[in-house]
Amino acid sequence: MKTAYICFTTDVIHEGHLNIINEAKKYGKVIAGVLSNEALVQFGRFPTITFDERMKLIQSTPGVDKVVEQKNIMYDEIIDTLHPDFIVHGSDWLAGPTRVIRDRVEKKVEEYGGQIIDIPYTYNETVRHIDRKIKEKLAMPEFRRSRLQQVLTMRPIVKALEVHSGITGLIAEKTVVEHGGRLDQFDAMWISSLCDSTAKGKPDIELVDMTSRFRTIEEVSEVTTKPIIFDGDTGGMTEHFVYNVRSLERMGVSAVIIEDKTGLKKNSLFGTDVEQTQDTIENFCEKIRAGKKVQLTDDFMIIARVESLILEKGMEDALTRAHAYVQAGADAIMIHSRKNTPDEVLEFCDKFRNENRITPLVVVPSSYNTITEEELAEHGVNIVIYANQLTRSAFPAMAQTAREILMYHRAKESDDRLMPIQNIISLIDTL
Ligand code: SPV
Ligand code: MG
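Quantities reported herein were computed from a predicted structural model and do not represent experimental measurements.

Student: Looking at this model, I keep getting lost on the overall build of the protein. Mind explaining?
Tutor: Summing up its helical and strand segments, the protein has 19 helices and 17 strands in all. The C-alpha radius of gyration of the protein comes to 24 Å, within 12% of the 22 Å expected for a compact globule of 431 residues. In terms of principal-axis extent, the alpha carbons of the protein reach across some 75 × 60 × 35 Å. Restricting to contacts in the protein with at least 6 residues of sequence separation, those with at least 24 account for 74%. Surface exposure of the protein reaches about 20700 Å², of which carbon and sulfur atoms provide 54%.

Student: Any chance you could explain the coordination of the magnesium ion (ligand 2) here in plain terms?
Tutor: For a metal with four tetrahedral donors the ideal donor-metal-donor angle is 109.5 degrees, whereas six octahedral donors ideally subtend 90 or 180 degrees. Protein-derived coordination of the magnesium ion (ligand 2) comes from Ser 193 (OG) and Asp 231 (OD), at a distance range of 2.1 to 2.2 Å. Here the residue Ser 193 occupies a position in helix H10 (residues 193–199), and Asp 231 occupies one in strand S10 (residues 228–231), the gap between them amounting to 38 residues. The exposure class of Ser 193 is buried, given its relative accessible area of 3%. With relative accessibility at 3%, the residue Asp 231 sits in the buried group.

Student: Teacher, can you tell me more about the sheet that holds strand S4 (residues 86–90) here?
Tutor: Across a sheet, strands are paired by hydrogen bonds formed along the backbone, either parallel or antiparallel in direction. Strand order across the open sheet formed by 5 strands is S3-S2-S1-S4-S5, with parallel pairing between neighbours. At either end of the open sheet lies a strand with only one pairing partner, and these are strand S3 (66–70) and strand S5 (115–119). On average, each strand axis in the sheet is inclined to that of its neighbour by 30°, with strand direction left out of account. Note that strand S1 (residues 3–8) and S4 share 2 bridges and pair parallel. Across the sheet, residue Ala 4 finds its bridge partner in S4, namely Phe 86.

Student: Just to check I follow, could you spell out the site of ligand 1 for this structure?
Tutor: In the vicinity of ligand 1, the contacting residues are Trp 190, Ser 192, Ser 193, Leu 194, Asp 231, Asn 267, Ser 268, Leu 269, Arg 305, His 336 and Ala 387. Here an oxygen atom of ligand 1 sits 3.2 Å away from a polar atom, N or O, in the side chain of Trp 190. Separating an oxygen atom of ligand 1 from a side-chain N or O atom of Arg 305 is a distance of 2.7 Å. Relative to its free-state accessible area of 280 Å², ligand 1 is covered by the protein chains to the extent of 100%.

Student: Please explain the sheet that holds strand S9 (residues 188–191) as it appears in this structure.
Tutor: Here 8 strands make up a closed barrel; going around it, the order is S6-S9-S10-S11-S14-S15-S16-S17 and the pairing parallel. Here the strands of the sheet are splayed against their neighbours by 25° on average, with no regard to which way each runs. Pairing of strand S15 (residues 332–335) with strand S16 (residues 361–363) involves 3 bridges; the strand directions are parallel. Bridge pairing links Met 334 to Val 362 in S16.

The rules behind the values
Residues numbered from 1 in each chain as written. Chains lettered and ligands numbered in written order. Predicted model: local features only at pLDDT ≥ 70, side-chain atom pairs only at ≥ 80, totals over all residues. Heavy atoms only, no water. Helix = DSSP H or I, 4+ residues; strand = E, 2+ residues; numbered from the N terminus. Rg over C-alpha atoms; globule rule 2.2 N^0.38 Å. Contact = heavy atoms within 4.5 Å. Areas by Shrake-Rupley, 256 points an atom, 1.4 Å probe, with all protein chains shown as cover. Donors = N, O, S within 2.8 Å, 3.2 Å for Na, K, Ca; no water. Buried < 20%, exposed > 50% of the residue type's maximum accessible area, 1.4 Å probe, protein only. Pairing = 2+ DSSP bridges. Axes fitted to C-alpha atoms, helices over the stretch in contact; angles between N-to-C directions. Near = heavy atom within 4 Å. Polar contact = N/O pair within 3.5 Å; in protein donor to acceptor, adjacent residues only side chain to side chain.

Set out below in structure tokens:
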């Protein structure tokens, strides 16, 4: 008997899936692949149920004869193992970034005379409603909060992009690229104090108050599902920090990063050009301990940011502080540098990893931007934050348009560089 293979990436079976199974049945025995969590996350879908639950769900669906795990987005391995006569899929993969998957399947099955069957994709009101419900569930604080810890176990390195508004949140949420035969997207979002302040035309000196910073979180949360890492600056006074930990946790934020500076905070990229004071190890450890004590879930992370390299206090100081902060309960360490080579950060990571193989390491390669994610991961880095690039790319584009309109007394000269408003609107979900 011939075999028809279908891969499932879903947590809920709806009539669209049943239709595909029924169509597949016409071609032979139906083998259903269930995409692994790791692959699913890479695919831009976060599971709302466990892998075993998804296996059981597909197994119990009428029409499915056999269930197997599909470990990769690409079908190569599964095709090599099963040699299915038919690969059946919704026609949605004929367009968009998933086209690359179909192209590769097409090449693979040609090798032994297999065939792709594209089934017109069902996208009616019921299906749309189910999709929306899954997305809403993913956006709920209790689901979103734990997602950073989950992606840390699933991705070789977690990539976070700076966001400071609903629309930048949507860019981080929805940008998917196909490059070199693989799909990629961001895993998390970083709400930078620098860019949040800049968007409000204010300096990055903890001037924008927490109520306003929390408003930004809400704005981003309303339209996205990815985990949020919040830039908590110095954390402020310990007596205030504990309240903010509770608020962030309640909002579904996954992590706060606080830096070991005290007094009037200045942006780290100024380094020693401006006066900046590092907190004592004792005080900062006390702040970390106080924060950990008040948090109510195991999901939330307090990440300690070591400013020793920024403030030119030396590698030993950076390492001593990092280990002390971990002892005090920090869930991860962020090491920052404003050098234009990654050397000191890599040296820190290697030395830290000699002593500590578990605590996640976070880096922000703004100035040492030639290093790749792969190289960072080789040195034990777990999270890479692209902290300000969206703001820095938008600002010159906006300033140029403003100058051109003033110069030509009309907008025509700028228009070729501008995105049609329909393309921008297409990012925005309608209810
Ligand atoms: C931010 O993005 O606000 C940061 C990173 O704290 S940096 O600007 O490099 O200090
Ligand atoms: Mg900051």
